[in-house]
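What follows is each chain in one-letter form.
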Amino acid sequence: MNKRLISATLCMLLLGSAGPAFSQSFSGLPLRGQRQAPDGYISVQSGISFSIPITDGNDEKQQQDAIKSFYRIAASNCAVLLDTIADDCQISGLSSNTDVTNIDGRGPKLMVRGQVTMAVKLKLAAGAAK
């Protein structure tokens, strides 16, 4: 009976303290995914996907290495844009996931997929400047 009373008391305390948190307005908070690029910028997204065979059974170490590779590729996207069409580029969002698959029966592979979102200020076209 003592355990039931303690459990009931803890539940009441937790629910009672959560009330003020639930009553707060979230209208002033930015919604996830609703970011807009600053004036004069456009939003550019790039999808990245690659697979790596798992060779030594140490998929945790290989997963960490693969994520590092993903972040390096994501970071290089701005460099490519700056080299080609952009005057300014900043990463504004990044998502990634990894999983192990064996679809083709050739052994396990580590799949890495993700998106990088960038705010990009385009270069002026050569004919547009006067």
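Sequence positions are assigned chain by chain, starting from 1 and proceeding in written order. Since the coordinates come from a predicted model, pLDDT governs what is reported: local features require at least 70, and pairs of side-chain atoms require 80 or more to be given and counted, while whole-chain, interface and lining totals use all residues. In computing side-chain properties, one takes all heavy atoms of the structure into account and sets aside hydrogens as well as water.

**As for the state of the cysteines**
To keep it simple, the criterion reads: By convention in this document, the label disulfide applies to cysteine sulfur atom pairs within 2.5 Å. A helix here means a DSSP run of H or I that spans at least four residues, while a strand means a run of E at least two residues long, and both kinds are numbered starting from the N terminus. Accessible area is worked out with a 1.4 Å probe on protein chains only. A residue is then buried under 20% of its type maximum, exposed over 50%, and partly exposed in between.
A full pass over the atoms with the stated rule returns one disulfide. Across a sulfur-sulfur distance of 2.0 Å, Cys-78 and Cys-89 are joined as a disulfide pair. Taking the sign of the S-S torsion, about -65° here, the bridge from Cys-78 to Cys-89 comes out left-handed. Here the residue Cys-78 occupies a position in helix α2 (residues 59–84), and Cys-89 occupies one in strand β2 (residues 86–101), the gap between them amounting to 11 residues. For Cys-89, a relative accessible area of 11% corresponds to the buried category.

**A word on the nonpolar core**
How we decide: In this description, a nonpolar core means a group of buried Ala, Val, Leu, Ile, Met, Phe, Trp, Tyr and Cys residues linked to one another through side-chain atoms lying within 4.5 Å. Only heavy atoms enter the contact rule, under which two residues are in contact if any of them lie within 4.5 Å.
Counting residues in hydrophobic clusters, the biggest one holds 15 residues, and the most contacted among them are Ile-48, Phe-50, Leu-81, Cys-89, Val-112, Met-118 and Val-120. Secondary structure elements with two or more residues in this core: β1 (42–53), α2, β2 and β3 (109–122). Not counting residues within four places of it along the chain, the set of residues in contact with Phe-50 comprises Ala-66, Ser-69, Phe-70, Ile-73, Leu-110, Met-111 and Val-112.

**Details of a nonpolar patch on the surface**
Selection rule: Each patch is built from residues that are more than 30% exposed by relative accessible area and take part in no salt bridge. Like charges join if they lie within 9 Å; nonpolar side chains (Val, Leu, Ile, Met, Phe, Trp, Tyr) join within 5 Å. Surface exposure here means Shrake-Rupley accessible area, sampled with a 1.4 Å probe, where a residue is shielded only by the protein chains that are shown. Each salt bridge in this description consists of a side-chain nitrogen of Lys or Arg and a carboxyl oxygen of Asp or Glu lying within 4 Å of one another.
A cluster of nonpolar residues, Ile-42, Ile-85 and Leu-122, forms a patch on the protein surface that exposes about 240 Å² of accessible area. Among the residues examined, Ile-42 registers a relative accessible area of 38% and is labelled partly exposed.

**Some details on the side chain of Asn-77**
Mapped onto the elements of the fold, Asn-77 is located in helix α2. With near-sequence residues (within four places) excluded, Asn-77 lies in contact with Ser-46, Ile-48, Val-116 and Met-118.

**Examining the packing of aromatic side chains**
As a reminder of what qualifies: Between the rings of Phe, Tyr and Trp (Trp by its six-membered ring), a pair exists once the centres lie within 6.5 Å; its type follows the angle of the planes, with under 30 degrees stacked, over 60 edge-to-face, and the other angles tilted.
One pass over the full model with this rule turns up one aromatic pair. A centroid spacing of 5.5 Å and a plane angle of 65° characterise the contact between Phe-70 and Tyr-71, whose relative ring orientation is edge-to-face.

**Let's talk about the pattern of salt bridges**
Counting across every chain of the model gives four salt bridges. Close ionic contact of Lys-61 with Asp-65 constitutes a salt bridge, the shortest N to O distance being 3.0 Å. In this pair, Lys-61 and Asp-65 both sit in helix α2, four residues apart, roughly one turn of the helix. When its relative accessible area of 43% is taken as the criterion, Lys-61 is described as partly exposed. Given the relative accessible area of 33%, Asp-65 is considered partly exposed. Of the charged contacts in the structure, one is a salt bridge between Asp-99 and Arg-113, with a shortest N-O distance of 2.8 Å.

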